[in-house]
Amino acid sequence: KETIALAEGLEIVPRRMVDYRGVRLEEMDTEAVIRRHPRVAAVDEFPHTNAPGSPRLKRWEDVQQLLDAGIDVLTTMNVQHLESLNDQIWQSTGVRVRETIPDWVLKQADEVVMIDLTPRALLNRLARGVVYAPDRAAAALDNFFKESTLVALRELAMRQAAYAIASRLPEIGRAHV
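Residues numbered from 1 in each chain as written. Predicted model: local features only at pLDDT ≥ 70, side-chain atom pairs only at ≥ 80, totals over all residues. Heavy atoms only, no water.

**A closer look at empty space enclosed by the protein**
Right, on to step 1. For the structure shown, the criterion picks out one cavity of 30 Å³ or more.
Right, on to step 2. Estimates place the volume of the largest cavity at around 30 Å³.
Right, on to step 3. In terms of lining residues, the largest cavity is bounded by R16, E27, M28, T30, N50, S54, P55, R56 and D62.
Right, on to step 4. The residue inventory of the lining of the largest cavity, partitioned by class, reads two nonpolar, three polar and four charged. (1 Å grid on protein atoms, 1.4 Å probe; cavity = no way out; pocket = protein on both sides within 12 Å on 5 of 7 lines; lining within 4 Å. Points joined across faces, edges and corners; volume = space filled by probe spheres on them. Nonpolar A, V, L, I, M, F, W, Y, C, P; charged D, E, K, R; others polar.)

The following block contains the structure:
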């Protein structure tokens, strides 16, 4: 509800309905966004796997279409979705993440902003229904989003951010890091 309130006043392009095994699923209508041709599009769930029958397999591929059409994109993802970290995530958490983003896709970004939240604060937001609807939040808290998992993910995110910063420094600056 809080996120929806923050988006108040922003144009929302209606989603495409996809029938899959007797269930109607909502997916981003990439072609409608391209026809609308905004200067910037906010696209949630960058690692999302689209429903079967969608023009593209992954949401990041939809984002590539928007970028190719000259539309800037703001999007979101969690560190566990970065493909190169998949084995580390599995070793740290015991969970194999299936929805991943190839590293080369993330490296194309003009800017990456890491939002750091303590595990306790995130757990509190989940419990309050800020991140997911109450039924989905309860399942998340019982499964992947345990404090020990969040601590491990936070550590990986900080290491990844440090690596990204160090890799962008000129050679001389790297010697002092």
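Text resumes after the structure shown.
**Some points on the pattern of salt bridges**
Right, on to step 1. One pass over the full model with this rule turns up 10 salt bridges.
Right, on to step 2. In this structure, E11 and R36 form a salt bridge, with 2.8 Å as the shortest nitrogen-oxygen distance. Of this pair, E11 sits in the loop between α1 (2-6) and β1 (16-20) while R36 is found in helix α2 (residues 30-36), placing the two residues 25 residues apart along the sequence.
Right, on to step 3. Ionic contacts of the salt-bridge type, sharing partners, join the residues E31, R56 and D62 into one network. (Salt bridge = Lys/Arg side-chain N within 4 Å of Asp/Glu carboxyl O. Helix = DSSP H or I, 4+ residues; strand = E, 2+ residues; numbered from the N terminus.)

**Points about the pairing of strand β2 (residues 23-27)**
Right, on to step 1. Alignment of β1 against β2, held across five bridges, turns out to be antiparallel. Looking at the pairing, Y20 lines up with V23 of β2.
Right, on to step 2. Two successive antiparallel strands, β1 and β2, enclose a turn made up of two residues, where R21 displays a positive phi of approximately 50°. (Pairing = 2+ DSSP bridges.)

**A look at the packing of helix α6 (residues 119-127) against helix α7 (residues 134-142)**
Right, on to step 1. Where α6 contacts α7, the two axes come as close as 9 Å, and the packing angle between them is 145°. Within the contact between the two elements, α6 uses L123, L126 and A127 and α7 uses A137, A140 and L141. (Axes fitted to C-alpha atoms, helices over the stretch in contact; angles between N-to-C directions. Contact = heavy atoms within 4.5 Å.)

**Concerning the packing of aromatic side chains**
Right, on to step 1. Taken as a whole and assessed by the stated rule, the structure comprises three aromatic pairs.
Right, on to step 2. On the basis of an interplanar angle of 90° and a centroid distance of 5.7 Å, the ring pair of W60 and W104 is categorised as edge-to-face. You can see W60 sitting in helix α3 (residues 59-68) and its partner W104 sitting in helix α5 (residues 103-107), a full 44 residues away along the chain.
Right, on to step 3. Under the relative-accessibility criterion, W60 is labelled buried at 11%.
Right, on to step 4. Judged by its relative accessible area of 47%, W104 is partly exposed.
Right, on to step 5. Here F144 and F145 contribute two aromatic rings whose centre-to-centre distance is 5.4 Å and whose plane-to-plane angle is 90°, an arrangement assigned as edge-to-face. We note that F144, like F145, is buried.
Right, on to step 6. Members of the aromatic cluster, connected to one another through ring pairs, are Y132, F144 and F145. (Phe/Tyr/Trp six-rings, centres within 6.5 Å; stacked < 30°, edge-to-face > 60°. Buried < 20%, exposed > 50% of the residue type's maximum accessible area, 1.4 Å probe, protein only.)

**Observations concerning unusual backbone geometry**
Right, on to step 1. Its identity is not glycine, yet H37 carries a phi of approximately 45°, on the positive side.
Right, on to step 2. Non-glycine residue E45 carries a positive phi angle of around 55°.
Right, on to step 3. Among the structural elements, E45 can be located in the loop between β3 (40-43) and α3.

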